[in-house]
Amino acid sequence: MGKILEVKNLTVHIKTHKGVVQAVRGVDFYLNEQETLAVVGESGSGKSITMKGVMGILPKNGKVVEGSVMFQGNDLTKYSERQMQQVRGSEIAMIFQDPMTSLNPTMKVGKQIEEMLKEHRKEMSKADRKTRAIELLSLVGISNPEARYDQYPHQLSGGMRQRVVIAIALACDPKVLIADEPTTALDVTIQAQILDLMRDLQKKIKTSIIIITHNLGVVANIADRVAVMYGGKLVETGDVEDIFHNPCHEYTKGLLRSIPKAHEKGGELQAIPGTPPDLMEPPVGCPFAARCKETMIVCQKYMPDYTDCGKNHKSACWMLD
């Protein structure tokens, strides 16, 4: 399977009244066909902004200042807004964090699915769009889709709203689906159902998925490969089994230690001490140096290069040098 998406040296700056936030700093990653890549990290590490840079939907004060986003041989950073509108939704689709704010509360859910088809499948008739919308509601596991088609978002549960958002994203059979924290606002049972749904859908429609999350439990269930972000940089990438069984970066190890374990009762949760760096004045060395218990002088002064830790596994840590 070849690469469907390849991002090189992506750098995103966000202008604020206090100065420029260097939100994403030279990020490289790729996505293979029919693969699931999980992008993991704390809030503020640059996960969502990276993907918004890929999609060309940065806030007005945000800008891709360097790098390329190669999709099927074309650099999306060179596309005009009009060209990107043709790609968004039809070729690359995104599921946003909170389904209640993603959906229009004044429109029936069926019509919201049809809006995507009206924009990108202009040859479809009104009757065909309705048929396709009901098909999609059924595809994402919503019972009695004909009745749900005529309901408003507030009449649906959180899990059903998330399924509607997924249906909208899948309306035009995109080649790449980006899911930004798709299970954050849901309880544990519904989270598992949504993850199972995404796994099943990938097999059915043969799409490639990027899932943004801070929950490593989600990663274990759905991902093929993992990219760990911290301080606007990718600090470790590898196959999911390597990341879980042979983590090489101290930040990755800290994330894994922080997962509660069912067999360890009565112990304290292992949090990572400290706070993420200020990306208005990002550290010159390893972004994790200030919080790392193994930190050395070189960590604070120089950013380490990537070290190979095995097949498809690399980490940016001076401890590996």
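Time to look at the sheet that holds strand E7 (residues 176-180). With mixed pairing, eight strands are arranged side by side in an open sheet as E6-E7-E8-E3-E9-E10-E12-E11. Edge positions in the sheet fall to strand E6 (92-95) and strand E11 (307-310), since each has one partner strand and no second. Direction aside, neighbouring strands of the sheet carry axes that sit 20° apart on average.

So, on to helix H5 (residues 126-139). Over its 14 residues, H5 extends 20 Å from the first C-alpha to the last, a length consistent with the 20 Å expected when each residue adds 1.5 Å. Those residues of H5 lying buried are Arg129, Arg132, Ala133, Ile134, Leu136 and Leu137. Taken together, the buried residues of H5 touch helix H4 (109-120), helix H6 (145-149) and helix H7 (158-170). Where H5 terminates, the next one or two residues include Gly141, which has phi positive at roughly 85°.

Attention now moves to the environment of Trp318. With respect to the helices, strands and loops of the structure, Trp318 is situated in the segment after strand E12 (313-315). Overall, Trp318 belongs to the partly exposed group, its relative accessible area being 22%. Along the sequence, Trp318 and Lys122 sit 196 residues apart, while their C-alpha atoms lie 54 Å from each other. Setting aside its immediate chain neighbours within four residues, Trp318 contacts Met296, Val298, Cys299, Tyr302, Met303 and Pro304. Of note is the side chain of Trp318, whose polar atom sits 2.8 Å from the backbone oxygen of Tyr302.

Moving on, we get to the layout of surface pockets. A volume near 510 Å³ is recorded for the largest pocket. Residue lining of the largest pocket: 20 residues in total, with Gly89, Met94, Phe96, Met116 and Ile168 positioned closest to the centre. The set of elements that each furnish at least two residues to the lining of the largest pocket consists of E6, H4 and H7. In terms of residues, the lining of the largest pocket owes the most to one element, H4, which gives five residues. Its residues assigned to classes, the lining of the largest pocket shows eleven nonpolar, six polar and three charged.

A full pass over the atoms with the stated rule returns one cavity of 30 Å³ or more. Approximately 100 Å³ is the volume attributed to the largest cavity. Lining the largest cavity are 13 residues; nearest its centre among them are Cys286, Cys292, Cys299, Cys317 and Trp318. Residue composition of the lining of the largest cavity, by class: nine nonpolar, two polar and two charged.

Moving on: the nonpolar core. Membership of the largest hydrophobic core comes to 58 residues, with the highest contact counts inside it found for Val140, Val164, Ile166, Ile211, Val219 and Tyr251. Excluding residues that lie within four positions of it along the chain, Val140 makes contacts with Arg163, Ile166, Ala167, Leu170, Leu197 and Leu201. Formed by 32 residues, the second largest nonpolar core is a distinct cluster that contains Leu58, Val87, Ile210 and Leu234.

Relative to the helices and strands, Arg291 is located in the loop between helix H11 (250-257) and helix H12 (297-301). Under the relative-accessibility criterion, Arg291 is labelled buried at 9%. Excluding residues within four positions of it along the chain, Arg291 makes contact with Glu42, Tyr230, Ile272, Pro273, Gly274, Thr275 and Pro276.

Cut-off values and rules
- Residue indices begin from 1 for each chain and proceed along its sequence in written order.
- Predicted model: local features are reported for residues with pLDDT of at least 70 only, side-chain atom pairs are reported and counted for 80 or more only, and whole-chain, interface and lining totals are derived from all residues.
- With hydrogens and water excluded, all non-hydrogen atoms of the structure serve as input to the side-chain values.
- DSSP-based pairing: two strands are paired if at least 2 bridges between them are found.
- The helix and strand labels rest on DSSP assignments: H or I over at least four residues marks a helix, E over at least two residues marks a strand, and numbering proceeds from the N terminus.
- Working convention: axes come from line fits to C-alpha atoms, limited for helices to the stretch in contact. Angles between N-to-C directions cover 0 to 180 degrees.
- Expected helix span is given by 1.5 Å per residue-to-residue step, counting one fewer step than there are residues.
- Accessible area is worked out with a 1.4 Å probe on protein chains only. A residue is then buried under 20% of its type maximum, exposed over 50%, and partly exposed in between.
- When checking whether two residues touch, look at their non-hydrogen atoms; a contact exists if any pair is within 4.5 Å.
- Two N or O atoms count as a polar contact when they lie within 3.5 Å, although within protein this holds only if one can serve as hydrogen donor and the other as acceptor, and sequence-adjacent residues are included solely when both atoms are side-chain atoms.
- Put simply, the grid is 1 Å and covers the protein atoms alone, a cavity is a trapped set of points that fit a 1.4 Å probe, a pocket is an open set with protein on both sides within 12 Å along at least five of seven lines, and lining residues have an atom within 4 Å of a point.
- Grid points are joined across faces, edges and corners, and a volume is the space filled by probe spheres set on the points.
- Think of it as three bins: nonpolar holds Ala, Val, Leu, Ile, Met, Phe, Trp, Tyr, Cys and Pro, charged holds Asp, Glu, Lys and Arg, and polar takes everything else, Gly as well.
- Joining through side-chain atoms within 4.5 Å is the link that ties buried Ala, Val, Leu, Ile, Met, Phe, Trp, Tyr and Cys residues into a set, and such a set is a nonpolar core.

Just geometry here; none of it tells us what the structure is for.
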